[in-house]
Amino acid sequence: MADFAAPPLRPFSIRLDRSSLELLPAGPVLTRRLSDLEGLFADEAAWRADVDNGDPIVYTVASSPVPETATELPQSITRIRPGDVAGELYFTKGHMHPVAEGEIYLGLEGEGGLLLFDGTDIEFLEITPDRIGYIPPGWAHRSVNVGSNDDYSFLAVYPGGAGHDYGWVLEHGFGARVYAGAAGAELRSYPQPALTLG
Ligand SMILES: O=P(O)(O)OC[C@H]1O[C@H](O)[C@H](O)[C@@H](O)[C@@H]1O
Ligand SMILES: [Fe+2]
């Protein structure tokens, strides 16, 4: 009912500050710590130890004021810190859209990977500044910071009614994990062996 009662937004512009990578005017900011990523890393003991040892911030999601309601088109900037849990590179929780709709990501800084899984097929897109990753409907998506020292940030634009299904990921996984390897990031699909990226 709340969606119905809300008046439509008036047109307005949003500035992307290139140095701070903020959206202005700003909306809500979400901070995800390692403890928020329970059950997602392969090495659960290493995850627990890192949670107990300071529970670092893994990523933040800073939204514009456009609300996540049906028919609106919200945006957010996700910034993933560099790091890993027993070699598995820091990532976002990842989700499926319960309402099958697409999304785009635009790389802003650092080196990222966009891991996609439709329950059968795995895709991995390298996302660097000015590259757009397209997420079709029906593909779960997770972002990974594949850089060793720097933040990875991207702008997302997505349908406000698409939603976030995190349970799908807990149940199905992504079919692959991304690790820091001697020659860069490695995508290890399970149960197949490693594939060196880049
Ligand atoms: O929701 P997560 O899987 O943790 O991903 C973090 C965020 O990434 C992007 O910014 C998406 O557009 C957001 O909708 C999402 O919340
Ligand atoms: Fe999404």
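Our subject is the structure listed above.
Keep in mind it's a predicted model, so treat the numbers as computed, not measured. For every chain, the first residue of the written sequence is number 1, and numbering continues from 1 onward in sequence order. Whichever chain is written first is A, and whichever ligand is written first is 1; the rest continue in order. Residue-level local features of this predicted model are given only where pLDDT is at least 70; pairs of side-chain atoms are given and counted only at 80 or more, and the full residue set underlies all totals for whole chains, interfaces and linings. To get the side-chain values, all heavy atoms of the structure are used, and hydrogens and water are removed first.

A. Structural detail: helix H2 (residues 44-52). Three labels apply to residues, based on accessible area from a 1.4 Å probe with only protein chains included: buried if under 20% of the type maximum, exposed if over 50%, partly exposed otherwise in between. By definition, any uninterrupted DSSP run of H or I lasting at least four residues is a helix, any uninterrupted run of E lasting at least two residues is a strand, and each is numbered from the N terminus. Along H2, the positions that sit buried rather than exposed are Ala46, Trp47 and Val51. Projected down its long axis, H2 shows its buried positions confined to an angular sector of 140°, all on one face. Opposite the buried face of H2, by more than 90 degrees, sit the exposed residues Ala45 and Asp52. The contact criterion used throughout is that any non-hydrogen atoms of two residues lie within 4.5 Å. At its buried positions, H2 is contacted by strand E6 (84-85). Looking at where H2 begins, the residue whose side-chain oxygen comes 3.3 Å from the main-chain nitrogen of Ala45 is Asp43. Positive backbone phi, at 110°, marks Gly54, one or two positions downstream of H2. Comment: arc refers to directions from the helix axis out to C-beta atoms. Here a polar contact means two N or O atoms within 3.5 Å. Within protein one must be a hydrogen donor candidate and the other an acceptor candidate, and residues neighboring in sequence count only if both atoms are side-chain atoms.

B. Broad picture of the coordination of the iron ion (ligand 2). On the protein side, the iron ion (ligand 2) has His95 (NE2), His97 (NE2), Glu103 (OE) and His141 (NE2) as donor atoms, found 2.1 to 2.2 Å from it. Given four donor atoms and angles of 87 to 164° at the metal, the environment of the iron ion (ligand 2) is assigned as irregular. Metal donors were taken as nitrogen, oxygen and sulfur atoms no farther than 2.8 Å from the ion, or 3.2 Å where the ion is Na, K or Ca. Water is excluded, so coordination may look unfinished. Taken in sequence order, the residues that donate to the iron ion (ligand 2) follow the motif H-x1-H-x5-E-x37-H. Of this pair, His97 sits in the loop between strand E7 (88-89) and strand E8 (103-109) while His141 sits in strand E12 (residues 140-145), placing them 44 residues apart in sequence. Assessed through its relative accessible area of 8%, His97 is described here as buried. A four-donor site is called tetrahedral if each angle lies between 85 and 135 degrees; a four-donor site is square planar, and a six-donor site octahedral, when trans pairs exceed 155 degrees and the remaining angles lie between 65 and 115; all other cases are labelled irregular.

C. Region of interest: the site of ligand 1. The full set close to ligand 1 counts 16 residues, and Tyr59, Thr78, Glu103, His164 and Tyr166 are the nearest of them. In this structure, Ser76 approaches ligand 1 through a side-chain N or O atom, which is 2.9 Å from an oxygen atom. Within the backbone of Gly94, a nitrogen or oxygen atom sits 2.8 Å from an oxygen atom of ligand 1. Isolated, ligand 1 exposes 370 Å² of accessible area, and the fraction of that covered by the protein chains is 97%. The residue inventory of the shell around ligand 1, partitioned by class, reads seven nonpolar, six polar and three charged. A molecule or strand has a residue near it when one of that residue's heavy atoms lies within 4 Å. Surface exposure here means Shrake-Rupley accessible area, sampled with a 1.4 Å probe, where a residue is shielded only by the protein chains that are shown. Classes in brief: Ala, Val, Leu, Ile, Met, Phe, Trp, Tyr, Cys and Pro nonpolar; Asp, Glu, Lys and Arg charged; the others, Gly included, polar.

D. Examining the sheet that holds strand E10 (residues 122-127) more closely. Taken together, three strands build an open sheet; the order of strands is E10-E9-E12 and the sheet is antiparallel. Because the sheet does not close on itself, it has two edges, and the strands there are E10 and E12. Between one strand and the next, the sheet's axes are offset by a mean angle of 20°, whatever the strand orientation. Here, strands pair whenever DSSP counts at least two bridges between them. Between the N-to-C directions of two axes lies an angle of 0 to 180 degrees, each axis being a line fitted to C-alpha atoms and, for a helix, fitted only over the stretch in contact.

E. Fine view of unusual backbone geometry. In this model, Leu24 is joined to Pro25 through a cis peptide bond whose omega is 5°. If you check the backbone angles, Asp130 has positive phi at about 75° while not being a glycine. Relative to the elements of secondary structure, Asp130 occurs in the loop between E10 and strand E11 (132-135).

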